[in-house]
Amino acid sequence: MNIGSPIGSFTPFEPKDNEKGLLAGSRDSGLTTKGMLHGYQLASNLHTTIGGQNIKRVIASPLKRAHKTARICAHELSRLHDKKLFVHTSKVLQERHFGKLEGTLIEDIPKLAISYRNTSHGMIYVEEAHEAESMEKFYTRAEDVLNFLRKESKKMTGDTLVVAHAGIAQMIYLRHHNRHWEDIFQIPILQNGHFLIID
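Residues numbered from 1 in each chain as written. Predicted model: local features only at pLDDT ≥ 70, side-chain atom pairs only at ≥ 80, totals over all residues. Heavy atoms only, no water.

Novice: How do you make sense of the pairing of strand β2 (residues 55-60) when you look at a structure like this?
Specialist: In regular strands, side chains alternate between the two faces of the sheet. Along β2, 5 of the 6 residues are buried, which leaves the element largely enclosed by surrounding structure. One ladder, built from 5 bridges, connects β2 with strand β6 (residues 159-163); its direction is parallel. Within β6, the residue paired with alanine 60 across the bridge is valine 163. Across 3 bridges, β2 lies against strand β3 (residues 87-89) in parallel orientation. (Buried < 20%, exposed > 50% of the residue type's maximum accessible area, 1.4 Å probe, protein only. Helix = DSSP H or I, 4+ residues; strand = E, 2+ residues; numbered from the N terminus. Pairing = 2+ DSSP bridges.)

The structure is reproduced here in structure tokens:
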């Protein structure tokens, strides 16, 4: 499945909801002060971590924590290229909507979710919840993301830095490699500030 130039997907650093032990999902939770500091530290090393010299565009989820991280990265890349890079946003990059679970304590997920799984890496993953985006729809949305990125890659040469969220980044990875959505329970959950390279 060709997506053009390589894509680096970068998850934001610590959002305020996570700091409080809450499930953020599609809630518009901003970054903590520590999260912003970590973002600046990592952005300053983009040229060595994922080849920042080749990144020609930055696309982000419109949620505050992702968009702020993207702006930090774009600012550093602009300095590196000596050319202004702007952040473009797309709603398809938003994190999964967890319905009535959003904003609840993560430790309460087993009591409140319709169904959940303990992943092979010791994490709790919501499979089904009241009014939540289904896993099947989430997986389909990952294909929408790939189609969107294919179109973007045709507009100019170079790599793309996508600043999104752990769940959608994992679904993009699975869809790109033609793996079933249930494989999400078998792959490591991306932590805050981690990269996922898709080529």
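Novice: What am I meant to see in the side chain of serine 26 here?
Specialist: Mapping serine 26 onto the fold places it in the loop between α1 (16-19) and α2 (33-43). Serine 26 gets classed as buried once you look at its relative accessible area, which sits at 18%. Engagement of the side chain of serine 26 in a polar contact is seen with the side chain of histidine 97, the distance being 2.9 Å. (Polar contact = N/O pair within 3.5 Å; in protein donor to acceptor, adjacent residues only side chain to side chain.)

Novice: Sorry, what's going on with the environment of isoleucine 106 here?
Specialist: Within the secondary structure, isoleucine 106 is located in the loop between β3 and α5 (109-112). Residues contacting isoleucine 106, with those up to four places away along its chain left out, are Gly21, Leu22 and Leu23. (Contact = heavy atoms within 4.5 Å.)

Novice: Just to check I follow, could you spell out the pattern of salt bridges for this structure?
Specialist: Once their charged atoms are close, side chains differing in charge can pair, the charge on each being opposite to the other. Summed over the entire model, instances satisfying the criterion amount to 10 salt bridges. Measuring nitrogen to oxygen at the nearest pair gives 2.4 Å for the salt bridge that ties arginine 79 to glutamate 76. Separated by 3 residues within a single helix, arginine 79 and glutamate 76 lie in helix α4 (residues 64-81), roughly one turn from each other. On the accessibility criterion, glutamate 76 (14% relative accessible area) is buried. We note a salt bridge from glutamate 127 to arginine 117, for which the minimum N-O separation is 3.1 Å. Of the two residues, glutamate 127 sits in strand β5 (residues 124-128) while arginine 117 sits in strand β4 (residues 115-118), which places them 10 residues apart along the sequence. Judged by relative accessible area, arginine 117 falls into the partly exposed class, the value being 26%. (Salt bridge = Lys/Arg side-chain N within 4 Å of Asp/Glu carboxyl O.)

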